[in-house]
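Summary of structural features
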Amino acid sequence: MITMNSHSNDIDYSNGYMEPEEEWEREGLLDPAWEKQQKKTFTAWCNSHLRKAGTAIENIEEDFRNGLKLMLLLEVISGETLPKPDRGKMRFHKIANVNKALDFIASKGVKLVSIGAEEIVDGNLKMTLGMIWTIILRFAIQDISVEEMTAKEGLLLWCQRKTAPYKNVNVQNFHLSFKDGLAFCALIHRHRPDLIDYHKLSKDNPLQNLNTAFDVAEKYLDIPRMLDPEDMTNTAMPDERAIMTYVSSYYHCFSGAQKAETAANRICKVLKVNQENERLMEEYERLASDLLEWIRRTLPWLQSRQADNSLSGVQKRLEEYRTYRRKHKPPRVEQKAKLETNFNTLQTKLRLSNRPAYMPTEGKMVSDIANAWKGLEQSEKSFEDWLLSEMMRLERLEHLAQKFKAKADTHEDWTRGKEEMLQSSDFRQCKLNDLKALKKKHEAFESDLAAHQDRVEQIAAIAHELNSLEYHDSTSVNIRCQRICDQWDRLGSLTQKRRTDLDDAEKILEKIDILHLEFAKRAAPFNNWLDGTREDLVDMFIVHTVEEIQGLIDAHGQFKATLSDADKEYNSIIGLVKDVESTVQKYQIPGGLQNPYTTLTSSDLSKKWSEVKHLVPQRDTTLQAELRKQQNNEMLRRQFAEKSNQVGPWIERQMDAVTAIGMGLQGSLEDQLHQLKQYEQNVFAYKPHIEELEKIHQAVQEGMIFENRYTQYTMETLRVGWEQLLTSINRNVNEVENQILTRDSKGITQEQLNEFRASFNHFDKNRTGRLAPEEFKSCLVSIGYSIGKDRQGEIDFQRILAVVDPNSTGYVHFDAFLDFMTRESTDTDTAEQVIDSFRILAGDKPYILSDELRRELPPDQAEYCIQRMAPYKGVNAVPGALDYMSFSTALYGESDL
């Protein structure tokens, strides 16, 4: 009998040699029923292939006699071209054509025994059926391979496995096991459950089952009817070869569907990765646009230096800035960290799926966002410095304005009535002694005028400083200062004129009152001292330390020590007045009580002296209140210093620990990830200390405290350190997670990963997490990577460097180094694999139709392909043809997704 060797392409007659007639006789081929079944089945099988060439046969023993359709059948099923047939109608022409066909069959490793061209040309049905069965074995059944079994055993095992779950089906052979038709229905239902409702079939209706299976196979599976249901049911044992031929058509039909399913699964996997990458790209673009837009809107506000030039206005701006730091910026810090994390995750996934690196839209690179963020922080620092300096400037302006008003009020009080006095002609009606008294009085006034020159200069200097500092009410200050200066010039002119007039009249009047003169000489400087002392006692002051206020208190104590001498001078001057009064009373001098040398009276001095003695304790109270304020400020300094000296080193220690973990120096990746998560929890748990420090800092600023000698830390440096710590933890967590993802997806062991990390760290001397090109080359050599020292070796190294440093930054980071080392020994999906998968779905066509995509792929991924595939422009293109080759290449090329 004819058997097949599972390890070769040869077909021979084993198990003993016998003539074909004897074999057919033994297997029942001479049985008319079997012969009828074989003839019908083999004819249908041949026509299922000949129809591809646009022809068919009606009588198998007649239509193959001239050899033409036999040669055509072999060309169709083999895909090869046979020698050119002889077109003559003579017997020898027909024998030549049949021999060409038999030679082609023999060239395929089939040993034909006792089958000659003459029998075929003579229309010998038995020989013709034997030849067709040999062709079926070679081209339809031999390729079937299941677990290294022969073709027949493999086909039987395939049927058994596919029908195992079905009730009333037990395939043990290719005759009786298929007689009731349920086995055919089970094979169809297993692969296409939508075509047959198997549960409605009954073993008692074999004819209905067979007709159902044959009709469905012919209509939906393109498998022609090769068997006759009546013949099968009416025959005790159906023909085995006929059933094997028909079942092999099922196998080839459904094995193609299995390949299509495998191809579809591969495409689904690739498309799913691509869709997830697109989602991450879109999310990155959205987050980056939102963050950059927020920075763009915030910068003009931080860069604005417009204010109403008042202390309250600047304090309002400072409160707005605090609200911004406390409420508006923290969410943006989290958004920036999330943006960097998403970007790193996306790049890792792209590398793992063998996709090109993602290049964000222009202006939205990670470096662009970092630069924009740096500009924002610089603007914040500049804005805060401006606010503090503006508050100091405006506070000084308010102090100068009050000082200007106090001095101007004092000066105007002193000058009131002086112009009328200087313009008076009273000296013309005076006696000699009155005239001399007027002259002395005028001399005293000149002395007083010179003494007030310093005050006028101080007023002008204060007004000039207010103008230079852009005081908001500088207009009224300038008007008042100009009025004082103009009046001062007039007083100078009037004083000079009156002195001339008195000199002219001096020849007439000579009597001098010694006592009035002495009073005038001593009363004037004492009065100036009183005026200056009153100004000093009510003078405004600004101090920032306990030492400064203590210096003022000490100076005030020294001043109080001089009051006893001043009291003696006061009593002495008042004694002069009393002497004048007693002298006038004693000698009854007309107008003697009027002092011709001064306008000062004893009541003026008494009033001012009493006021000075009243102001001294008030000054004590003011200085003590300021001392308590500065002591409280000192306490705030110490509180801030004590807290910041704890928080600052804690942040630095955490940064050092996170950096050490990030260098891969502590355990496995899972251990590092666990430690980083623990540090992250510790950092969030530590946040109340930062908030407490912010409250102290706010109290420090409200107390106008601008320096602190007890600590090197400022709130700004602590804020930056805190934000850097959070960013460092997030970045290291993301890097470790990406390393775990790389390790697991690439199949590298923990030992390999440790070796890569140890080699990388060995050459990363400065612990920066990156290697220079020469350090990277040494690292590769240390782990056994061969790089020649010749020109070709340098070319190879530059090629490797272009892979691990595509942006030419001049450094190689550990994740790129790890990706390169793992990529050397792992397999990934390629564009060629995806193209082969699409070719299977398309049935070997260079294009694919939308209906084929929707049939083989899930709906969402089918639509994804249809929307993105370009129309096919090649030869023999049909309407709606799609180019799957360019689409597959784009998945692994320079993607603009």
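Quick notes on the rules
- Residues numbered from 1 in each chain as written.
- Predicted model: local features only at pLDDT ≥ 70, side-chain atom pairs only at ≥ 80, totals over all residues.
- Heavy atoms only, no water.
- Helix = DSSP H or I, 4+ residues; strand = E, 2+ residues; numbered from the N terminus.
- Rg over C-alpha atoms; globule rule 2.2 N^0.38 Å.
- Buried < 20%, exposed > 50% of the residue type's maximum accessible area, 1.4 Å probe, protein only.
- Contact = heavy atoms within 4.5 Å.
- Areas by Shrake-Rupley, 256 points an atom, 1.4 Å probe, with all protein chains shown as cover.
- Lys, Arg positive; Asp, Glu negative; His and termini not counted.
- Charge placed at Lys NZ, Arg CZ, Asp CG, Glu CD.
- UniProt positions renumbered as here; feature names shortened; annotations may be inferred.
- Core = buried A, V, L, I, M, F, W, Y, C linked by side-chain atoms within 4.5 Å.
- Axes fitted to C-alpha atoms, helices over the stretch in contact; angles between N-to-C directions.
- Parallel < 35°, antiparallel > 145°, perpendicular 65-115°, else oblique.
- Left-handed = near helix turned anticlockwise from the far one by under 90°.
- pLDDT = per-residue confidence, 0-100.
- Phe/Tyr/Trp six-rings, centres within 6.5 Å; stacked < 30°, edge-to-face > 60°.
- Lys NZ or Arg CZ within 6 Å of the ring centre and 35° of its normal.
- Salt bridge = Lys/Arg side-chain N within 4 Å of Asp/Glu carboxyl O.

**Considering the overall build of the protein**
Assigned secondary structure in the protein consists of 31 helices and six strands. Against the globule reference of 29 Å for 897 residues, the protein gives a C-alpha radius of gyration of 56 Å, more extended than a compact globule. Taken along its principal axes, the extent of the C-alpha atoms in the protein is 185 × 65 × 55 Å. Taken over 897 residues, the protein has a buried fraction of 46%. Across the protein, the fraction of contacts at a sequence separation of at least 24, relative to all contacts at a separation of at least 6, is 75%. As displayed, the protein has an accessible area near 45700 Å², and 50% of this comes from carbon and sulfur atoms. The positive charge centre, built from 117 side chains, and the negative charge centre, built from 141, are 4 Å apart in the protein.

**Considerations on the UniProt feature "domain: EF-hand" (unreviewed entry) in the protein**
When the UniProt feature table is mapped onto this chain, "domain: EF-hand" (unreviewed entry) is found at residues 751-786 and 792-827. For residues 751-786, the helix share is 64%, the strand share is 6%, and the end-to-end C-alpha distance is 21 Å.

**Regarding the nonpolar core**
Of all hydrophobic cores here, the largest spans 77 residues; its most connected members are I135, F178, F184, I188 and Y250. A per-element tally of this core places helix α7 (residues 125-141) first, with 12 residues. M715, L753, F756 and F814 belong to the second-largest nonpolar core, a separate cluster that totals 49 residues.

**A closer look at the packing of helix α4 (residues 68-78) against α7**
Packing of α4 against α7 brings their axes to within 11 Å, and their N-to-C directions diverge by 10°. As judged from the angle between their axes, α4 and α7 are roughly parallel. Our pair here, α4 against α7, has a crossing hand that is right-handed. Touching L70, L74, I77 and S78 of α4 are M131, I135 and F139, all from α7.

**Quick word on the confidence of the model for the protein**
Across the protein, pLDDT averages 81, with 91% of residues at or above 70. Across residues 1-30, where pLDDT falls below 50, the model places 76 contacts with residues more than four positions away in sequence or in other chains. Every residue in residues 508-512 is under pLDDT 50, and counting partners more than four places away or in other chains gives 20 contacts.

**Side note on the packing of aromatic side chains**
On inspection of all chains with the given rule, the structure shows 29 aromatic pairs. A network of ring pairs unites the aromatic residues F174, F178, F184, F214, Y246, Y250 and F254 as a single cluster. Sitting above the plane of the F139 ring, R138 keeps its charged end 5.1 Å from the centroid. One Lys or Arg, K418, reaches over the ring of W414 and ends 4.9 Å from the middle of that ring.

**Description of the UniProt feature "coiled-coil region" (unreviewed entry) in the protein**
What UniProt calls "coiled-coil region" (unreviewed entry) maps, in this numbering, to residues 270-297. Strand forms 0% of residues 270-297 and helix 100%; the C-alpha atoms that close the span are 41 Å apart.

**Comments concerning the pattern of salt bridges**
Applying the stated criterion across every chain, the model contains 55 salt bridges. E380 serves as the salt-bridge partner of R325, at 3.3 Å between the closest nitrogen and oxygen. Taken together, the residues R325 in helix α13 (residues 311-352) and E380 in helix α14 (residues 366-415) connect sequence positions 55 residues apart. Under the relative-accessibility criterion, E380 is labelled buried at 1%. Its salt-bridge partner being R839, residue D836 comes within 2.8 Å of it at the nearest N-O pair.

**Observations regarding the environment of M237**
The residue M237 is located in the loop between α11 (229-234) and α12 (240-303) in this model. Judged by its relative accessible area of 33%, M237 is partly exposed. Note: C-alpha distance between M237 and S177 (60 residues apart in sequence) is 9.8 Å. In this structure M237 touches W34, H175 and L176, once residues within four positions along its chain are discounted.

**Looking at the environment of L70**
In this fold, L70 is placed in helix α4. Once the C-alpha coordinates of L70 and G769 are considered, the two residues, 699 residues apart in sequence, prove to be 74 Å apart. Among residues more than four places away in sequence, those in contact with L70 are F64, V98, A101, M131 and I135.

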